[in-house]
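An overview of the molecular structure
Residues per chain are reported as follows:
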Amino acid sequence: MQRRLRAAWVEPDPAKAKAALEALARSLAHKPTRCCGIAREGLSDTLTLTRLGIAGSCGETLESTNPMESMVDIVKTTATG
């Protein structure tokens, strides 16, 4: 599963990436976990960088929520401190 997910993430064609992620979600549908729902829930967000053509180090930074979470944490600390 992880290999298929990573392959979809690095696929430069958004339509092919979406098809790969949807196929992965379908293959998880029989699992008793929430994997399928979670995979479908974030599908459009997952492909935003691909659709915008953002790659390289900028894409690597933006594919994580860490920069945003760090900024929010700094604001919370500063505002409440």
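Residues numbered from 1 in each chain as written. Predicted model: local features only at pLDDT ≥ 70, side-chain atom pairs only at ≥ 80, totals over all residues. Heavy atoms only, no water.

What the protein chain contains, in helices and strands, is seven helices and zero strands. Sequence-ordered secondary structure for the protein chain, helices as α and strands as β, is α-α-α-α-α-α-α. Here the protein chain holds 81 residues, and the buried ones make up 15% of them. Here the protein chain displays about 6300 Å² of accessible surface, and carbon together with sulfur accounts for 58% of that area. (Helix = DSSP H or I, 4+ residues; strand = E, 2+ residues; numbered from the N terminus. Buried < 20%, exposed > 50% of the residue type's maximum accessible area, 1.4 Å probe, protein only. Areas by Shrake-Rupley, 256 points an atom, 1.4 Å probe, with all protein chains shown as cover.)

Mapped onto the secondary structure, glutamine 2 falls in helix H1 (residues 2–10). Each C-alpha atom of the pair glutamine 2 and leucine 24 lies 9.8 Å from the other, and the pair is 22 residues apart in sequence.

All right, on to the nonpolar core then. Core analysis: the largest hydrophobic core is formed by five residues, namely Ala8, Ala17, Leu21, Leu43 and Leu47. Among residues more than four places away in sequence, those in contact with alanine 17 are Ala8, Glu11 and Leu47. (Core = buried A, V, L, I, M, F, W, Y, C linked by side-chain atoms within 4.5 Å. Contact = heavy atoms within 4.5 Å.)

This part takes up helix H7 (residues 66–80). Over its 15 residues, H7 extends 21 Å from the first C-alpha to the last, a length consistent with the 21 Å expected when each residue adds 1.5 Å. Across the 15 residues that make up H7, only a small minority, zero, are buried. (Expected span 1.5 Å × (residues − 1).)

Inspection of the secondary structure puts methionine 1 in the segment before H1. A C-alpha to C-alpha distance of 9.2 Å links methionine 1 and serine 27, two positions 26 residues apart in sequence. Residues contacting methionine 1, with those up to four places away along its chain left out, are Leu24 and Leu28.

In contact at an axis separation of 8 Å, H1 and helix H2 (residues 14–28) are set at 160 degrees when each is read in the N-to-C sense. Classed by the angle they form, the pair H1 and H2 counts as roughly antiparallel. The handedness of the crossing between H1 and H2 is left-handed. For the pair formed by H1 and H2, the contact residues are Arg4, Leu5 and Ala8 on the first element and Ala17, Ala20, Leu21, Ala23, Leu24 and Ser27 on the second. Class assignment of the residues belonging to the contact of H1 with H2 gives a composition of seven nonpolar, one polar and one charged. (Axes fitted to C-alpha atoms, helices over the stretch in contact; angles between N-to-C directions. Parallel < 35°, antiparallel > 145°, perpendicular 65-115°, else oblique. Left-handed = near helix turned anticlockwise from the far one by under 90°. Nonpolar A, V, L, I, M, F, W, Y, C, P; charged D, E, K, R; others polar.)

Read these as layout, nothing more, since geometry by itself doesn't imply function.
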